[in-house]
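Observations on the three-dimensional arrangement
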Amino acid sequence: MATEPKKLDDLFLDTLKDIYYAEKQILKALPKMARAANSPEVRKLFETHRDEIETHVERLTEVFEILGKAPRGKTCDAIVGIIEEGKSIIEEFEGSPAIDAGLVGAAQAVEHYEIARYGTLKTWAGELGLTDAVALLNQTLAEETKTDQLLSKIGIGSANKKAA
């Protein structure tokens, strides 16, 4: 029996599972990153973003509900690798003047991955006529973009200078 070729709705669900898994992994990693930070500003940003990610997971759960699916993650090798890089930075630079610059860089790698995923999901949701999902994904995309901008500001404003 021949199987039907996969379509955009299958790809959307697969990618949704990917980012759901990624967000859950990031929730676990952020407290470690916050503890490793020297700068109260970096620590506070990680703590604030952790709270935002809990909201992101809730929104993703709503998108699963829109699809009539149970929220479930799928191992995301990309985020596993990015988080491992962050752990390596903590191990190699903890307590040094460069730790905050390293943490900011690691966090931006995470943000850029999330921005790419949320942007893609938002576009696909639009193509699939999932207007409620578009709105939810757009909210998260805006927050991820804002966090990336804050990380850049901290990196340029203080963390990179202290590392030099």
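Everything below is about the structure printed above this text.
So, here's what we can say about the structure. (Residues numbered from 1 in each chain as written. Predicted model: local features only at pLDDT ≥ 70, side-chain atom pairs only at ≥ 80, totals over all residues. Heavy atoms only, no water.)

**A few points about the side chain of Asp100**
If you trace the backbone, Asp100 turns up in helix H4 (residues 99-127). For the buried Asp100, no salt bridge exists, and the shortest N-O distance to an oppositely charged side chain is 5.7 Å, to Lys162. Not counting residues within four places of it along the chain, the set of residues in contact with Asp100 comprises Ala37, Asn38, Ser39, Val42 and Ala159. (Helix = DSSP H or I, 4+ residues; strand = E, 2+ residues; numbered from the N terminus. Buried < 20%, exposed > 50% of the residue type's maximum accessible area, 1.4 Å probe, protein only. Lys, Arg positive; Asp, Glu negative; His and termini not counted. Salt bridge = Lys/Arg side-chain N within 4 Å of Asp/Glu carboxyl O. Contact = heavy atoms within 4.5 Å.)

**Topic: the nonpolar core**
Phe12, Met33, Phe46, Ile79, Leu103 and Leu137 are the most contacted members of the largest nonpolar core, which totals 48 residues. Of all the secondary structure elements, the ones that give two or more residues to this core are helix H1 (8-36), helix H2 (40-67), helix H3 (77-93), H4 and helix H5 (131-163). The dominant element in this core, judged by the number of residues it contributes, is H1, at 14 residues. Sequence-distant contacts of Phe12, that is, excluding residues within four places in its chain, are made with Val63, Leu67, Leu121, Trp124, Ala125, Leu128, Leu130 and Leu137. (Core = buried A, V, L, I, M, F, W, Y, C linked by side-chain atoms within 4.5 Å.)

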